[in-house]
Amino acid sequence: LAAKKPNPFLVHEWRKDVITIGHAPSEMVKDATNGMVDQPWPAQLNKLVWSKRNHDPKTQPHKSLILSIGQVVPHEVMGMAN
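On a predicted model such as this, the values are computed, not experimentally measured, just so you know. (Residues numbered from 1 in each chain as written. Predicted model: local features only at pLDDT ≥ 70, side-chain atom pairs only at ≥ 80, totals over all residues. Heavy atoms only, no water.)

## Some words on the overall build of the protein
- When helices and strands are counted, the protein shows two helices and two strands.
- Of the regular secondary structure in the protein, the N- to C-terminal order runs β-α-β-α.
- Every one of the 82 residues in the protein was classed for burial, and the buried ones make up 6%.
- Put simply, of all contacts in the protein between residues at least 6 apart along the chain, 36% involve residues at least 24 apart.
- If you sum the accessible surface of the protein, you get close to 7400 Å²; carbon and sulfur atoms cover 58% of it. (Helix = DSSP H or I, 4+ residues; strand = E, 2+ residues; numbered from the N terminus. Buried < 20%, exposed > 50% of the residue type's maximum accessible area, 1.4 Å probe, protein only. Contact = heavy atoms within 4.5 Å. Areas by Shrake-Rupley, 256 points an atom, 1.4 Å probe, with all protein chains shown as cover.)

Laid out in structure tokens, this is it:
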């Protein structure tokens, strides 16, 4: 895959490549955290993923999108690695 053009891999620089696309409502966050957090929580994606969300099926008949939900991010800051 490394020789594939365009390169299918994305280097994600989490400090500058993230965009907030919405928020989980505070009630949902409160329920999910058993009341420990009671505020809206940002839904964030890499800017490139968000910018590529629409496509023309005539020019690109197949479009894959892989989202990894539920990660501790940034895991490096927490001392973790995948």
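There's plenty left to go through after this.
## Examining the side chain of D17
- Of note, D17 is situated in the segment before strand 1 (18–24).
- In this structure, D17 is in contact with V11, H12, L45, N46 and K47, ignoring residues within four places of it in sequence.

## Digging into unusual backbone geometry
- A positive phi is found at N34, a non-glycine position, where the angle reads about 55°.
- Positionally, N34 belongs in the loop between helix 1 (26–32) and strand 2 (41–46).

## Structural notes on the confidence of the model for the protein
- The pLDDT averaged across the protein works out to 77; a share of 70% of its residues lies at or above 70.
- Across the protein, element-level confidence peaks in helix 1 with a mean pLDDT of 93 and bottoms out in helix 2 (residues 47–51) with 82. (pLDDT = per-residue confidence, 0-100.)

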